[in-house]
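Listed below are the residues making up each chain.
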Amino acid sequence: MSRKIAVITGTRAEYGLLYHLMRELQNQPDVEFQLIVTGAHLSHKHGYTVQQIESDGFTISAKVDMQLAGDAPVDIAHFMGICTSEMAKVFDRLKPDIAVILGDRYEMLAAASAAMVMCVPIAHIHGGESTEGLIDEAIRHSITKMAQIHFVSTNIYRNRVIQLGENPKTVHLVGALGVDAIKKTPLLSRAELEKLLDFKFAKKNLLITFHPVTLENADGSKQMEELLSALSSLNDTGLIFTMPNADAGGQKIKDLIQDFVAQNKNARAYDSLGQQRYLSCVAEVDAVVGNSSSGLIEVPSFKKPTINIGNRQNGRIKAASVIDCEPERDSILVALDKAYSKEFRTSLSNIENSYGSGDSCKKIVDTLISVDLYNILTKHFFDIPVGVD
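Residues numbered from 1 in each chain as written. Predicted model: local features only at pLDDT ≥ 70, side-chain atom pairs only at ≥ 80, totals over all residues. Heavy atoms only, no water.

K.L.:
Would you mind going over the overall build of the protein chain with me for this structure?
P.N.:
What the protein chain contains, in helices and strands, is 15 helices and 13 strands. Against the globule reference of 21 Å for 389 residues, the protein chain gives a C-alpha radius of gyration of 21 Å, in line with a compact fold. With the C-alpha coordinates aligned to their principal axes, the bounding extent of the protein chain is approximately 60 × 55 × 40 Å. Across the protein chain, the fraction of contacts at a sequence separation of at least 24, relative to all contacts at a separation of at least 6, is 70%. Working note: accessible area of the protein chain is about 16700 Å², and carbon and sulfur atoms make up 50% of it. Distance between charge centres in the protein chain, computed from 40 positive and 47 negative side chains, equals 4 Å. (Helix = DSSP H or I, 4+ residues; strand = E, 2+ residues; numbered from the N terminus. Rg over C-alpha atoms; globule rule 2.2 N^0.38 Å. Contact = heavy atoms within 4.5 Å. Areas by Shrake-Rupley, 256 points an atom, 1.4 Å probe, with all protein chains shown as cover. Lys, Arg positive; Asp, Glu negative; His and termini not counted. Charge placed at Lys NZ, Arg CZ, Asp CG, Glu CD.)

The following block contains the structure:
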């Protein structure tokens, strides 16, 4: 009897991470693969990337339209309510044996909540991580407590999931799917990229992704203004922007980028590069700039500098290729100077990625198809022995 495994995707970034895992699941003879699409994938304002999923040849089992029409906190809470309600209906119809959920976004919390109520076992990817500048921190740990199967990217994160009371037998160290993607994705040449992106690479080039910082008192758009001020002072530098995700405050940042690109011929902005174009850009640019987790998880494998701005990724494990700086013009420029320095760039040849060697997909699939589901919903809090004062 085949096992029904449902994978849920809500954004372009996490779809890129899940792509090869979904291909592996599709190819398993004893797996009935189900794909549930929601979130920004179904929003025209965010690129309507469901079309990319369909053009990649995936059959979509269900679409959950969250009706994204704003980015204020009250809007996000409303979208979560819609997603929870509609996901419950989808789970009731599809009746998956396992729901696979990656990460820490609000649509994933809604999906996990629905799965929990519908008694669908949850396999959670990328638990135990820490991002202190975001509500994602609380969301990630909440999904951990709802999940029965855990796939973590480093041993430190594995220990953290166990610290949250999860049985060590259920916490599997598999590395990061992003590293798999680098190994499995054929990269485009610079000429191919220039044609596809309608962009001419300059003497120097930067790839920029800056997302809202949902737990900071400072306005994310003010931080973006500081970044754009720093970038505007650079000479002979091509700038490739990927647009922010659908978090609270994202539209203000998007507007600033669009205005900047309209005034600077050396800059281009894209709602969604897609996995192949994004990784190919990383391979071609001199550094990656912003506050995306990709700069910490995937970029070190390319032995390229990451300029990590602000507190959004505080708490994550960082390679020596990551240069932290404040969300201020002068601090960003100092970080860029370091990234371009001969001494720093020479040191990058010794960089090792802490997030695995690129065999995550196989480890995850092997567990998903073999894990014993009998009585899996019953969880016992795993207490770590502590000393008594």
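K.L.:
Help me out: how do you make sense of the sheet that holds strand β3 (residues 62–64) in this one?
P.N.:
Sheet strands pair via backbone hydrogen bonds, and the direction of the pair is either parallel or antiparallel. Spatially, β3-β2-β1-β4-β5-β6-β7 is the arrangement adopted by the seven strands of the open sheet, whose pairing is parallel. Of all the strands in the sheet, the pair left with one neighbour each is β3 and β7 (171–173). The sheet shows a mean angle of 20° between the axes of neighbouring strands, taken without regard to direction. Sheet analysis places strand β1 (residues 3–9) next to strand β2 (residues 31–38), joined by seven bridges and oriented parallel. Bridged to R3 within β2 is V31. Along the sheet face, helix α1 (residues 12–26) touches β1, β2, β4 (98–102) and β5 (122–125) and points at about 165° away from the line of β1. (Pairing = 2+ DSSP bridges. Axes fitted to C-alpha atoms, helices over the stretch in contact; angles between N-to-C directions.)

K.L.:
What exactly am I supposed to notice about the nonpolar core here?
P.N.:
For soluble globular proteins, nonpolar side chains are generally found buried alongside one another. In terms of nonpolar packing, the biggest core is built from 33 residues, with L21, L25, V100, I125, L177 and L368 touching the most fellow members. Counting only elements with at least two residues in this core, the list comes to β1, α1, β2, α2 (50–55), β4, β5, β6 (149–152) and α15 (360–370). In terms of residue count, α1 provides more of this core than any other element does, seven residues in total. Sequence-distant contacts of I125, that is, excluding residues within four places in its chain, are made with L18, L21, V100, I101, L102, G103, F151, L177 and I364. (Core = buried A, V, L, I, M, F, W, Y, C linked by side-chain atoms within 4.5 Å. Buried < 20%, exposed > 50% of the residue type's maximum accessible area, 1.4 Å probe, protein only.)

K.L.:
Would you explain the side chain of K304 in this entry?
P.N.:
Here K304 is to be found in the loop between α12 (294–297) and β12 (306–309). The side chain of K304 sits in the buried core without any salt bridge; D286 is the nearest counter-charge, 6.7 Å away. Side-chain polar atoms of K304 contact the backbone oxygen of V285, separated by 2.8 Å. Among all residues touching K304, those that are not within four sequence positions of it are V282, A283, E284, V285, D286, V299, S321 and L348. (Salt bridge = Lys/Arg side-chain N within 4 Å of Asp/Glu carboxyl O. Polar contact = N/O pair within 3.5 Å; in protein donor to acceptor, adjacent residues only side chain to side chain.)

K.L.:
Would you explain the pattern of salt bridges in this entry?
P.N.:
Where charged atoms of side chains with opposite charge meet at close range, the side chains can pair. Summed over the entire model, instances satisfying the criterion amount to 18 salt bridges. In this structure, D92 engages K95 in a salt bridge whose closest nitrogen and oxygen atoms are separated by 3.9 Å. Given the relative accessible area of 52%, K95 is considered exposed. Connected through shared salt-bridge partners, E24, D180 and K184 make up one network.

K.L.:
I'm lost on the packing of helix α9 (residues 220–232) against helix α10 (residues 250–263) in this one. Help?
P.N.:
Packed helices, taken two at a time, are described by the angle their axes make and the gap between the axes. At a minimum axis distance of 9 Å, the contact between α9 and α10 shows a crossing angle of 20°. In terms of orientation, α9 and α10 fall into the roughly parallel class. Both α9 and α10 take part in a crossing whose hand is right-handed. Residues G220, S221, M224, E225, L228, L231 and S232 of α9 pack against K252, I253, L256, I257 and F260 of α10. (Parallel < 35°, antiparallel > 145°, perpendicular 65-115°, else oblique. Left-handed = near helix turned anticlockwise from the far one by under 90°.)

K.L.:
Before we go on, may I ask you to explain unusual backbone geometry in this structure?
P.N.:
The bulk of non-glycine residues show a negative phi, and the bulk of peptide bonds are trans. The backbone of C119 shows a phi angle near 60°, a positive value even though the residue is not glycine. In this structure, C119 sits in the loop between α4 (106–117) and β5. In this model, N375 sits at a positive phi of 60°, which is unusual for a non-glycine residue.

K.L.:
How do you make sense of the sheet that holds β12 when you look at a structure like this?
P.N.:
The strand order across the open sheet formed by six strands is β10-β9-β8-β11-β12-β13, and the pairing between neighbours is parallel. One side of each edge strand has no neighbouring strand; the edge strands of this open sheet are β10 (267–270) and β13 (322–325). Put simply, the sheet's adjacent strands are angled 20° from each other on average, direction ignored. One ladder, built from four bridges, connects strand β8 (residues 204–209) with strand β11 (residues 287–290); its direction is parallel. Note on β11: the bridge partner recorded for I208 is V289. Against the sheet, α9 engages β8, β9 (237–242), β11 and β12, with an angle of about 155° to β9.

K.L.:
Could you clarify how one ought to interpret a negative patch on the surface in this entry?
P.N.:
A cluster of acidic residues, E225, E226, E326 and E328, forms a negative patch on the protein surface. Mapped onto the elements of the fold, E226 is located in helix α9. (Patch = residues over 30% accessible without salt bridge, like charges linked within 9 Å, V, L, I, M, F, W, Y side chains within 5 Å.)

K.L.:
Help me understand helix α7 (residues 177–184) in this model?
P.N.:
Count 3.6 residues to each turn of an α-helix, and residues three or four apart come out pointing the same way. Among the eight residues that make up α7, six are buried, leaving the element largely enclosed by the rest of the structure. Within the span of α7, buried status applies to L177, G178, V179, D180, A181 and I182. Buried residues in α7 make contact with α1, β4, β5, α11 (274–284), α12 and α15.

K.L.:
Just checking my understanding: could you explain the pairing of β2 for this structure?
P.N.:
Successive residues of a regular strand alternate their side chains across the two faces of the sheet. For β2, the tally of buried residues reaches seven of eight residues, placing the bulk of the element in the interior. This β-α-β element, β1 to α1 to β2, shows right-handed connectivity. For β2 and β3, the ladder comprises three bridges, and the chain directions are parallel. Looking at the pairing, T38 lines up with V64 of β3. After leaving β2, the chain enters α2 and then returns to the sheet as β3, a path that is right-handed. (Right-handed = clockwise from strand over helix to strand, strands pointing away.)

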